[in-house]
Amino acid sequence: MRILMATSEFHPYSKTGGLADMVAALTKTLAQKGHRVGVVTPLYRGIREKFPELRPFDWQMTLPLGGSHVSARIWIVEPVAGMTIYFVDQPGFFDRPGIYNENGADYADNAARFIFFSKAAIHLARYLPWGPQVMHVHDWQTGLVPMLVQQQRLAEGWGKATPVMLTIHNLAYQGIFAADAFALANLPASWFNPGTAEFHGALNMLKAGIATADVITTVSPRYAREIMTEEFGCGLDGLLRHRADVVHGVLNGVDYEEWNTTTNPHLKFHYRADQLAGKTRNKTALQKELGLPVNPRVPLFGSVTRLAEQKGVDLLVPALEEMLGRPMQFVLLGSGDGHYERSLRSLARRHPDKVAIRIGYDQGLSHRIEAACDFFLMPSRFEPCGLNQMYSLRYGTIPIVRATGGLDDSVVDPSENQQEATGIKFTEYSAAALAHAMRKALALYATKPALRAFRERGMKADFSWETTANRYLQLYGTVMK
Ligand code: ADP
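Report follows, based on the coordinates. (Residues numbered from 1 in each chain as written. Predicted model: local features only at pLDDT ≥ 70, side-chain atom pairs only at ≥ 80, totals over all residues. Heavy atoms only, no water.)

### Focus on unusual backbone geometry
- The omega torsion of the bond from H11 to P12 falls at 5°, within 30 degrees of zero and hence cis.
- By secondary structure assignment, the location of P12 is in the loop between β1 (2-6) and α1 (18-32).
- Look at H200: it is not a glycine, yet its phi comes out positive at around 50°. (Helix = DSSP H or I, 4+ residues; strand = E, 2+ residues; numbered from the N terminus.)

Written out as structure tokens, the structure is:
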């Protein structure tokens, strides 16, 4: 098959979260399976300097954007055979310090930036000589793609327009803008209505995509069910129920070439399920690195997360306050909302011998934390898929998760199946419930054979992309018909 992806993030070129990892791993797997894959993504600041192998592509486009025209050039790179990444070079929109925001404020022209990006992706889908058969687009940034494609089919002579698959990585981010931003799409004004892009009088780019995509996926089966309920639907549950026959939940996989404990360049000490000494060495090395007392026996809890309401950070601090009287340590790497940063820093100041907090974004440290910890905390309010719990499993680090979305789909609690348990789950969204789960973890830690069994099962659990990619191929096949 010939597939063209459009994504606002693509690891290792740009990343703020799981979207970047997911698209990178899915496309790599598809290409390795012999499919022709293209990826369209913005050329953000710094990419060309960091990846000098990018080369100019002989392609110039000038596209309407509301009342004006905007031009872009394209840079390409072929990281694996069968896959080409097309970077949309539009410096006015993308040569900036941030991807979506700067100093905590979203860019005021995000609608223009990503409507233009969507148009550029469609332009490539239509005119690239290798003729993509399906477009696979991601999140609100590309939400208008299905409508824009429809317009080209109906009014601009694109008879063989590609079908469009939309993947929702997080329904909480919808791309909502003042209604007049719809004019940037150059679509008929009558297409702006409550059945499509209009949402309480505003433009909602994700809603437009949900209303008009040929097929919709989200990143875990449980989240696919959750988003059709009022509690998780973020105002779009009615529309999603209406489109239920084309909505599919496909659990993301893990790129084990990157996230592994045996050949990983980010780890000082390598280890395997039957040779865990290296894991303990990583633990003491991290304690040293982060300035905690070095002690291989103390249970070490960790977290790597965006500091956002979604991630349950407001449970972490009170639950830790309750638990830190016991022998344990906690490390966290994260960045995001200032008030979470402050409360975590204050926790670390009050418990300098037990808590280490690093604010920032650090890929290497995220691997070292995964490898060093005994337990990994993910008390999310909601979690479309979540990747860190699957990374944790492979790293022999037992995940403690709230039973929601992909966390529920990928971790097995003893109450579900004693023989196959890989982690600890809790249900109620409260600090008390999280603390209770942490007490269970400490009890497990004290029972070495059980601890070993959890670790071994987790390390053997297989979330490789093969299964996930096959499911996507199947869906591309149905939509192409
Ligand atoms: P989300 O996409 O909602 O942020 P996921 O669990 O799906 O959550 O993916 C998060 C990804 O981002 C993981 O690869 C995680 O390791 C990474 N990550 C999050 N915060 C940081 C950080 N501060 N430093 C390094 N990596 C981070």
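### Here's the deal with the side chain of S380
- Mapping S380 onto the fold places it in the loop between β18 (375-378) and α13 (388-394).
- A relative accessible area of 1% means that S380 is categorised as buried.
- If we ignore the near neighbours within four places in the chain, the residues touching S380 are Q310, K311, G312, R402, T404, L407 and Y429. (Buried < 20%, exposed > 50% of the residue type's maximum accessible area, 1.4 Å probe, protein only. Contact = heavy atoms within 4.5 Å.)

### Let's talk about the packing of aromatic side chains
- Taken as a whole and assessed by the stated rule, the structure comprises 19 aromatic pairs.
- With centroids separated by 6.1 Å and ring planes inclined at 50°, the aromatic side chains of F94 and F114 adopt a geometry described as tilted. On the criterion of sequence distance, the pair formed by F94 in helix α3 (residues 91-94) and F114 in helix α4 (residues 110-127) is long-range, its members being 20 residues apart.
- You can call F114 buried: its relative accessible area is 0%.
- Seen from their ring centres, Y472 and Y476 are 6.4 Å apart, and the 35° between their planes marks the pair as tilted. On the criterion of helical spacing, the pair formed by Y472 and Y476 is a turn pair, its members being four residues apart in helix α17 (residues 465-480).
- Residue classification places Y472 among the buried residues on the basis of a relative accessible area of 0%. (Phe/Tyr/Trp six-rings, centres within 6.5 Å; stacked < 30°, edge-to-face > 60°.)

### Thoughts on the pairing of strand β9 (residues 164-168)
- Counting buried positions over the five residues of β9 gives five, a clear majority of the element.
- Burial along β9 is two-sided: V164, L166 and I168 and M165 and T167, pointing in opposite directions, are all buried.
- As judged from the four bridges shared by strand β8 (residues 134-138) and β9, these two strands associate in the parallel manner. Bridged to M135 within β9 is V164.
- Handedness of the crossover is the feature at issue here: the chain leaves β8, passes through helix α5 (residues 145-155), returns alongside β9, and the resulting connection is right-handed. (Pairing = 2+ DSSP bridges. Right-handed = clockwise from strand over helix to strand, strands pointing away.)

### Details of the environment of T397
- Within the secondary structure layout, T397 lies in the loop between α13 and β19 (398-402).
- When the C-alpha atoms of T397 and N264 are compared, they prove to be 16 Å apart, with 133 residues separating the residues in sequence.
- If we skip the residues at most four places from it in the chain, T397 touches K279, E370, A371, C373, D374, F375, F376 and S392.
- Among the polar contacts made by the side chain of T397, one reaches the main-chain carbonyl oxygen of C373 at a distance of 3.1 Å. (Polar contact = N/O pair within 3.5 Å; in protein donor to acceptor, adjacent residues only side chain to side chain.)

### Section: the site of the ligand
- Lining the immediate environment of the ligand, one finds 20 residues, of which G18, D21, R306, K311 and G360 sit closest.
- Here G18 contributes a backbone N or O atom positioned 2.6 Å from an oxygen atom of the ligand.
- Starting from 560 Å² of accessible surface for the ligand in isolation, the protein chains cover 93%.
- Of all the secondary-structure elements, those providing two or more residues to the shell around the ligand are α1, β15 (300-307), β16 (329-336) and α13.
- A total of three residues in the shell around the ligand trace back to one element, the largest contributor, which is β15.
- Class assignment of the residues belonging to the shell around the ligand gives a composition of five nonpolar, nine polar and six charged. (Near = heavy atom within 4 Å. Areas by Shrake-Rupley, 256 points an atom, 1.4 Å probe, with all protein chains shown as cover. Nonpolar A, V, L, I, M, F, W, Y, C, P; charged D, E, K, R; others polar.)

### Quick notes on the sheet that holds strand β11 (residues 198-199)
- With respect to topology, three strands assemble into an open sheet ordered β10-β12-β11, the strand pairing being antiparallel. The outermost strands of the open sheet, each flanked by one partner alone, are β10 (176-177) and β11.
- In this sheet, strand β12 (residues 202-204) lies alongside β11 in antiparallel orientation, the contact comprising two bridges. Bridged to E198 within β12 is L203.
- In the packing of helix α6 (residues 205-212) onto the sheet, the strands contacted are β10, β11 and β12, and the crossing angle to β12 comes to about 60°. (Axes fitted to C-alpha atoms, helices over the stretch in contact; angles between N-to-C directions.)

### With respect to the nonpolar core
- Grouped together as the largest cluster of nonpolar side chains are 107 residues, with contacts concentrated most on I210 and Y476.
- Looking at this core element by element, the count peaks at eleven residues for α4.
- Not counting residues within four places of it along the chain, the set of residues in contact with I210 comprises L166, I168, L171, I216, L236, L239, L240 and R243.
- With 38 residues, the next largest nonpolar core counts F301, V317, I398 and A431 among its residues. (Core = buried A, V, L, I, M, F, W, Y, C linked by side-chain atoms within 4.5 Å.)

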